[in-house]
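Each chain is listed here by its residues.
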Amino acid sequence: MTNAFLSIIFIPFLYCLILIPTSVPRGILFGFILRINLDKGIPIIIASMPHPFIEIFAYCLLASALYKLNPAITRKVSNIFRTNKKSNISFKSTFTNFLKIYIFLALPLCIIAAFLETYV
């Protein structure tokens, strides 16, 4: 949910930063595992791959929803300070679309990824 707070800041694509700390450490860890022992490392990596794929996919869905929410917030705030107003992007509809994507897609995928991480 920290991505939603990052979408309020008016820097584009700041909410995509959450993908970096979820994917880079895994790549470094997989590199160490393969460097130490290739024969034992490959089955370990294959066994742990479903979790990162599902988790990163959920974060990408969340980032795409925030991509649509950020311009609505930016336009709403920037129109407060303008004399000639630009056309508004409906904040209510983009926020409801964000909640739909979060509740029905991203959150269940994160829960599935958590179960895969714990039990597989």
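Scroll up to find the structure.
Residues numbered from 1 in each chain as written. Predicted model: local features only at pLDDT ≥ 70, side-chain atom pairs only at ≥ 80, totals over all residues. Heavy atoms only, no water.

**Quick look at the state of the cysteines**
At step 1: Overall, the coordinates contain zero disulfides when judged by the stated rule.
At step 2: Between Cys16, a cysteine without a disulfide, and Cys60, which holds the nearest cysteine sulfur, the sulfur-to-sulfur distance is 8.0 Å.
At step 3: Looking at the unpaired Cys110, the closest cysteine sulfur is the one in Cys60, lying at 11 Å.
At step 4: Since its relative accessible area comes to 26%, Cys110 is described here as partly exposed. (Disulfide = S-S within 2.5 Å. Buried < 20%, exposed > 50% of the residue type's maximum accessible area, 1.4 Å probe, protein only.)

**Regarding the packing of helix α2 (residues 19-36) against helix α3 (residues 38-48)**
At step 1: Running from N to C, α2 and α3 cross one another at 150°; their axes reach a closest spacing of 6 Å. In terms of axis orientation, α2 runs roughly antiparallel to α3. Within the contact between the two elements, α2 uses Phe30, Ile33, Leu34 and Ile36 and α3 uses Leu38, Gly41, Ile42, Ile44, Ile45 and Ser48.
At step 2: Considered class by class, the residues forming the contact of α2 with α3 number eight nonpolar, two polar and no charged. (Axes fitted to C-alpha atoms, helices over the stretch in contact; angles between N-to-C directions. Helix = DSSP H or I, 4+ residues; strand = E, 2+ residues; numbered from the N terminus. Parallel < 35°, antiparallel > 145°, perpendicular 65-115°, else oblique. Contact = heavy atoms within 4.5 Å. Nonpolar A, V, L, I, M, F, W, Y, C, P; charged D, E, K, R; others polar.)

**Some words on the layout of surface pockets**
At step 1: Of the volumes computed, that of the largest pocket is approximately 180 Å³.
At step 2: For the largest pocket, the lining is made up of 13 residues, of which Arg26, Ser48, His51, Pro52 and Glu117 are closest to its centre.
At step 3: Considering every element that reaches the lining of the largest pocket, the biggest residue donor is α2, with four residues. (1 Å grid on protein atoms, 1.4 Å probe; cavity = no way out; pocket = protein on both sides within 12 Å on 5 of 7 lines; lining within 4 Å. Points joined across faces, edges and corners; volume = space filled by probe spheres on them.)

**Details of the environment of Ala63**
At step 1: Tracing the backbone through its elements, the reader meets Ala63 in helix α4 (residues 50-81).
At step 2: By relative accessible area, Ala63 is classed as buried at 7%.
At step 3: Residues Ala63 and Ala106 lie 43 residues apart in sequence; the distance between their C-alpha atoms is 9.9 Å.
At step 4: Not counting the four nearest positions on each side in its chain, Ala63 is found in contact with Tyr15 and Cys16.

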